[in-house]
Amino acid sequence: MYWTLELASYLSDAPWPATKDELIDYAIRTGAPLEVVENLQSIEDEGEVYESMEEIWPDYPTDEDYLWNEDEY
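Note that the structure is predicted; figures quoted are calculated from it, not measured.

(A) Representation of the side chain of Lys20. Mapped onto the elements of the fold, Lys20 is located in helix H2 (residues 20-29). Engagement of the side chain of Lys20 in a polar contact is seen with the backbone oxygen of Gln41, the distance being 3.1 Å. Residues contacting Lys20, with those up to four places away along its chain left out, are Leu40, Gln41, Ile43, Asp45, Glu48 and Tyr50.

Right under this line is the structure:
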């Protein structure tokens, strides 16, 4: 399983929180690339609910990862 920012962006508007099956269904319905569906299928799942993309891809960049001062803009 591998993620890129481009692949993860297909799940940015997903209905969080969601289960693995709901995310797969969302990816298929929105026309996400096959790699997104394959990545979701490869997740070892025990029926858990995911709150955000960070729970699926722990290295997913967040606002804290960018080094700019929002007060300046």
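(B) Local environment of the side chain of Asn39. Inspection of the secondary structure assignment puts Asn39 in helix H3 (residues 34-41). The exposure class assigned to Asn39 is buried, which follows from its relative accessible area of 4%. From its side chain, Asn39 meets the backbone oxygen of Tyr2 in a polar contact 2.3 Å long. Sequence-distant contacts of Asn39, that is, excluding residues within four places in its chain, are made with Met1, Tyr2, Trp3 and Leu7.

(C) Inspection of the environment of Gly47 at higher detail. Tracing the chain through its elements places Gly47 in the loop between H3 and strand E2 (49-50). For the pair Gly47 and Lys20, spaced 27 residues apart in the sequence, the C-alpha separation amounts to 7.4 Å.

(D) Just H2, in detail. Listed in full, the buried residues belonging to H2 are Lys20, Leu23, Ile24, Tyr26 and Ala27. Down the axis of H2, the sector holding all buried residues measures 160°, keeping them to one side. Relative to its buried face, H2 has exposed residues pointing more than 90 degrees away, namely Asp21, Ile28 and Arg29. In this structure, the buried residues of H2 make contact with strand E1 (18-19), H3, E2 and helix H4 (53-56). Taken from the residues just after H2, Gly31 is the one with a positive phi, measuring 80°.

(E) How the structure looks around a negative patch on the surface. Taken together, the side chains of Glu44, Glu46, Glu48, Glu51, Glu54 and Glu55 make up a negatively charged region of the molecular surface. Here Glu51 is to be found in the loop between E2 and H4. Glu51 sits in the partly exposed class, given a relative accessible area of 47%.

Rules and cut-offs
- Residues numbered from 1 in each chain as written.
- Predicted model: local features only at pLDDT ≥ 70, side-chain atom pairs only at ≥ 80, totals over all residues.
- Heavy atoms only, no water.
- Helix = DSSP H or I, 4+ residues; strand = E, 2+ residues; numbered from the N terminus.
- Polar contact = N/O pair within 3.5 Å; in protein donor to acceptor, adjacent residues only side chain to side chain.
- Contact = heavy atoms within 4.5 Å.
- Buried < 20%, exposed > 50% of the residue type's maximum accessible area, 1.4 Å probe, protein only.
- Arc of directions from axis to C-beta.
- Patch = residues over 30% accessible without salt bridge, like charges linked within 9 Å, V, L, I, M, F, W, Y side chains within 5 Å.
- Areas by Shrake-Rupley, 256 points an atom, 1.4 Å probe, with all protein chains shown as cover.
- Salt bridge = Lys/Arg side-chain N within 4 Å of Asp/Glu carboxyl O.
- Lys, Arg positive; Asp, Glu negative; His and termini not counted.
- Charge placed at Lys NZ, Arg CZ, Asp CG, Glu CD.

The values are spatial; any link to function lies outside them.
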